[in-house]
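Report on the structure
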Amino acid sequence: MERWPWPSGGAWLLVAARALLQLLRSDLRLGRPLLAALALLAALDWLCQRLLPPPAALAVLAAAGWIALSRLARPQRLPVATRAVLITGCDSGFGKETAKKLDSMGFTVLATVLELNSPGAIELRTCCSPRLRLLQMDLTKPGDISRVLEFTKAHTTSTGLWGLVNNAGHNEVVADAELSPVATFRSCMEVNFFGALELTKGLLPLLRSSRGRIVTVGSPAGDMPYPCLGAYGTSKAAVALLMDTFSCELLPWGVKVSIIQPGCFKTVRNVGQWEKRKQLLLANLPQELLQAYGKDYIEHLHGQFLHSLRLAMSDLTPVVDAITDALLAARPRRRYYPGQGLGLMYFIHYYLPEGLRRRFLQAFFISHCLPRALQPGQPGTTPPQDAAQDPNLSPGPSPAVAR
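So, here's what we can say about the structure. All figures in this text were calculated on a predicted structure; none of them were measured in a lab.

**Points about helix α13 (residues 342–351)**
Every buried residue belonging to α13 is among Leu-342, Met-345, Tyr-346, Ile-348 and His-349, and all of these are buried. Projection of α13 onto a plane perpendicular to its axis shows the buried side chains occupying an angular sector of 160°, all on one side. In this structure, α13 carries Gly-343 and Tyr-351 as exposed residues pointing more than 90 degrees from its buried face. The inward-facing, buried residues of α13 contact α14 (354–364).

**Let's talk about a nonpolar patch on the surface**
Together, Leu-344, Phe-347, Tyr-350 and Tyr-351 make up a nonpolar patch on the protein surface, roughly 510 Å² of accessible area in all. Within the secondary structure, Phe-347 sits in helix α13.

**Focus: the pattern of salt bridges**
Considering all chains together, one arrives at 12 salt bridges under this definition. Taking the shortest distance from any N to any O, the salt bridge between Arg-334 and Asp-244 comes out at 3.7 Å. Here the residue Arg-334 occupies a position in the loop between α12 (317–328) and β7 (335–336), and Asp-244 occupies one in helix α8 (residues 230–249), the gap between them amounting to 90 residues. Classification of Arg-334 as partly exposed rests on a relative accessible area of 43%. Among the ionic pairs, Lys-278 bridges to Glu-299, the shortest N-O distance being 2.9 Å. Of this pair, Lys-278 sits in helix α9 (residues 272–284) while Glu-299 sits in helix α11 (residues 295–311), and the two are 21 residues apart along the sequence. Accessibility assignment for this pair places Lys-278 and Glu-299 in one class, buried. Connected via shared salt-bridge partners are Lys-96, Glu-97, Lys-100 and Glu-123.

**Re unusual backbone geometry**
For Ala-81, which is not glycine, the phi dihedral falls at a positive 50°. On the secondary structure map, Ala-81 appears in the loop between α3 (54–72) and β1 (84–87). Residue Ala-81 is classed as exposed on the basis of its relative accessible area of 60%. One non-glycine residue, Arg-211, lies in positive phi territory at about 55°. Inspection of the secondary structure puts Arg-211 in the loop between α7 (182–210) and β5 (213–217).

**Considering the packing of aromatic side chains**
Two numbers describe a pair of aromatic rings. These are the distance of the centres and the angle of the planes. Taken as a whole and judged by the stated rule, the model has 9 aromatic pairs. Ring geometry for Phe-193 versus Phe-194: centroids 4.9 Å apart, planes at 80°, classification edge-to-face. Judged by centre distance (6.2 Å) and plane angle (80°), the rings of Phe-305 and Phe-365 are edge-to-face. One end of the pair, Phe-305, is in helix α11; the other, Phe-365, is in the loop between α14 and α15 (385–389), with 60 residues separating them in the sequence. This pair shows no difference in class: Phe-305 is buried, exactly as Phe-365 is. By the ring-pair criterion, three or more aromatic residues cluster together here, those being Tyr-226, Trp-274, Phe-305 and Phe-365. One Lys or Arg, Arg-83, reaches over the ring of Trp-162 and ends 4.2 Å from the middle of that ring. Lying over the aromatic face of Trp-253, Arg-208 brings its terminal NZ or CZ to 4.6 Å of the ring centre.

**Details of the pairing of strand β6 (residues 256–260)**
Buried residues dominate β6, accounting for 4 of its 5 residues. Looking at chain direction, β5 and β6 are connected through 5 bridges and run parallel. Paired with Val-215 across the strands is Ser-258, a residue of β6. Since β5 and β6 lie parallel, the crossover through α8 that links them has a hand, and here it is right-handed.

**Section: the side chain of Thr-156**
Along the chain, the position of Thr-156 falls in the loop between α6 (142–155) and β4 (163–166). Note on Thr-156: relative accessible area 5%, which makes it buried. Dropping the residues within four chain positions of it, Thr-156 is found in contact with Ala-84, Leu-110, Leu-161 and Leu-206.

**A few points about the sheet that holds β5**
With respect to topology, 7 strands assemble into an open sheet ordered β3-β2-β1-β4-β5-β6-β7, the strand pairing being parallel. Two strands bound the open sheet, and with one partner strand each, they are β3 (133–136) and β7. Pairing analysis gives 4 bridges linking strand β2 (residues 108–113) to β3, with the strands arranged parallel. Across the sheet, Thr-112 pairs through a bridge with Leu-135, a residue of β3. Strand contacts of α7: β1, β4 and β5, with the helix running at about 170° to β4, the strand carrying the most contacts.

**Topic: the environment of Val-174**
Mapping Val-174 onto the fold places it in the loop between β4 and α7. Of the residues examined, Val-174 reaches a relative accessible area of 13% and is grouped as buried. Expressed as a C-alpha distance, the spacing of Val-174 and Gly-230, which sit 56 residues apart in the sequence, is 8.4 Å. What Val-174 contacts, discounting residues up to four positions off in sequence, is Cys-228, Leu-229, Trp-274, Phe-305 and Ile-366.

**Re the packing of helix α4 (residues 93–105) against α12**
For the pair α4 and α12, interaxial distance at closest approach is 9 Å and the crossing angle is 55°. As far as their axial angle goes, α12 and α4 are oblique. Crossing hand, α4 versus α12: right-handed. On α12, the residues touching Phe-94, Glu-97, Thr-98, Lys-101, Leu-102 and Met-105 of α4 are Val-319, Val-320, Asp-321, Ile-323, Thr-324, Leu-327 and Leu-328.

Criteria and cut-off values
Residues numbered from 1 in each chain as written. Predicted model: local features only at pLDDT ≥ 70, side-chain atom pairs only at ≥ 80, totals over all residues. Heavy atoms only, no water. Buried < 20%, exposed > 50% of the residue type's maximum accessible area, 1.4 Å probe, protein only. Helix = DSSP H or I, 4+ residues; strand = E, 2+ residues; numbered from the N terminus. Arc of directions from axis to C-beta. Contact = heavy atoms within 4.5 Å. Patch = residues over 30% accessible without salt bridge, like charges linked within 9 Å, V, L, I, M, F, W, Y side chains within 5 Å. Areas by Shrake-Rupley, 256 points an atom, 1.4 Å probe, with all protein chains shown as cover. Salt bridge = Lys/Arg side-chain N within 4 Å of Asp/Glu carboxyl O. Phe/Tyr/Trp six-rings, centres within 6.5 Å; stacked < 30°, edge-to-face > 60°. Lys NZ or Arg CZ within 6 Å of the ring centre and 35° of its normal. Pairing = 2+ DSSP bridges. Right-handed = clockwise from strand over helix to strand, strands pointing away. Axes fitted to C-alpha atoms, helices over the stretch in contact; angles between N-to-C directions. Parallel < 35°, antiparallel > 145°, perpendicular 65-115°, else oblique. Left-handed = near helix turned anticlockwise from the far one by under 90°.

Laid out in structure tokens, this is it:
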């Protein structure tokens, strides 16, 4: 079989020149990812020369090179200039660190806090520039939201409002949905969904005028059934769907919407508050539920949760960088997944059987033990077959978890 002639030296020079121009335009960083991509492209070139006719080989190499460059290139960033951003929930965690980062970059930052004299508010007031303004706001109080809306409109007349970062989040209880009071579901929805909805709708005229950005901090618990996070995960699922709706509806206005789905990060420093919430849950639990599940069951869940907090990442930089990219990238992503292990977690959730998904989440976050009424020897109740065969269900609290 006659082979197609390989391109001449002049043709290769033209291809190389175009590739070099693309490299310069892509603003690539020399490092292991780039070197690995070049090595793979070289291997692909060797295979193409031996297996494909030249036109097909060139098409394959061009496509592979374009994909590699687009993946490795640093995204084009918009200038900060005089852009103003409103960030909610800046008392601690992602909100506080994002406010500090954006202020250092030259943004005009409007940072909302629950208390103006909280440690986080004092830290922001001390370390940030006079451009940063602290605003007190409780997302469950319409009066607070209205006051922040009026302040934002009055103080962004010259610069406009470029971005809104819906970061404030709330969770009270880490327990099974049956054990969680209905009031807990309502309070999570009030802050995580209705508060974000009311604030976003109030700021949309400003954001449409600037063709700006809406960035919302969600949670993987809104995408998959994390054990003991029913109230929190439900509210995060609702706000993610809301933001997807905004993303479609605001597209003609040029407003871009992004959702940040962080991994396990250490945003709570005061562990003692969870002990108080556990005691409050036990004190208010109906006697029937307490008898069926047992105090040891709730203590076990609490210990597992504290163990997961100790393993959480303390460096919040990946989330702060994702929020910054969503605000300044010329083409921001719809979803950001900062944190370790999220790719594997989502792969398991979407592609593996339900039993494996459940066991993975239990191993990753909270592994249940058997409720008291299902433990061997309890009168009148026989454990269901699924519970008896599940290796992740132990007959009692795990002794390996420190309390």
